[in-house]
Amino acid sequence: PEHKERIHELKMSDQHFVRLFDQYHKIDQEVYRIEQGVETPADDYTEGLKKQRLHLKDELLAWIKA
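Every value quoted in this text rests on a predicted model; they were computed, and no experiment measured them. (Residues numbered from 1 in each chain as written. Predicted model: local features only at pLDDT ≥ 70, side-chain atom pairs only at ≥ 80, totals over all residues. Heavy atoms only, no water.)

(A) Representation of the pattern of salt bridges. Scanning all chains against the criterion turns up 4 salt bridges. With its nearest N and O atoms 3.4 Å apart, the salt bridge here joins Glu-9 to Arg-6. Separated by 3 residues within a single helix, Glu-9 and Arg-6 lie in helix α1 (residues 4-13), roughly one turn from each other. The class for Glu-9 is partly exposed, based on a relative accessible area of 44%. With a closest N to O distance of 2.7 Å, Glu-39 and Arg-33 form a salt bridge. (Salt bridge = Lys/Arg side-chain N within 4 Å of Asp/Glu carboxyl O. Helix = DSSP H or I, 4+ residues; strand = E, 2+ residues; numbered from the N terminus. Buried < 20%, exposed > 50% of the residue type's maximum accessible area, 1.4 Å probe, protein only.)

In structure tokens:
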């Protein structure tokens, strides 16, 4: 929420940011579905998704603050 305007600016001007942003939300939705019990993949798959999500979140935050 605190970076809402900056995120909007980047989404309008930077296609790489948009790809990362979309990828983050896709993975976040999948993790959410797993945590809600809608999907039940192997634990190592879930952990891999969580690591990807964290990496993307860190990368996006770095872009937002740059």
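(B) Looking closely at the nonpolar core. Core analysis: the biggest nonpolar cluster contains 12 residues, these being Leu-10, Phe-17, Leu-20, Phe-21, Tyr-24, Ile-27, Val-31, Ile-34, Leu-49, Leu-56, Leu-60 and Ile-64. When residues of this core are traced back to their parent elements, those giving at least two are α2 (15-35) and α3 (43-65). Examining the composition of this core, we find that 7 residues originate from one element, α2, more than from any other. Leave out the neighbours within four places in its chain, and Leu-20 touches Leu-56, Glu-59, Leu-60 and Trp-63. (Core = buried A, V, L, I, M, F, W, Y, C linked by side-chain atoms within 4.5 Å. Contact = heavy atoms within 4.5 Å.)

(C) Region of the structure containing the packing of aromatic side chains. Counted under the stated rule, the structure contains 2 aromatic pairs. With a centroid separation of 6.3 Å and an interplanar angle of 35°, the aromatic rings of Phe-17 and Trp-63 are classed as tilted. With Phe-17 in helix α2 and Trp-63 in helix α3, this residue pair connects regions lying 46 residues apart in the sequence. Owing to a relative accessible area of 0%, Phe-17 belongs among the buried residues under this scheme. Judged by relative accessible area, which is 26%, Trp-63 ranks as partly exposed. (Phe/Tyr/Trp six-rings, centres within 6.5 Å; stacked < 30°, edge-to-face > 60°.)

(D) The arrangement of the side chain of Asp-14 in detail. Residue placement: Asp-14 occurs in the loop between α1 and α2. For Asp-14, which is buried and forms no salt bridge, the nearest opposite charge comes from Arg-19, at a distance of 6.4 Å. A distance of 3.0 Å separates the side chain of Asp-14 from the backbone nitrogen of His-16, its partner in a polar contact. (Lys, Arg positive; Asp, Glu negative; His and termini not counted. Polar contact = N/O pair within 3.5 Å; in protein donor to acceptor, adjacent residues only side chain to side chain.)

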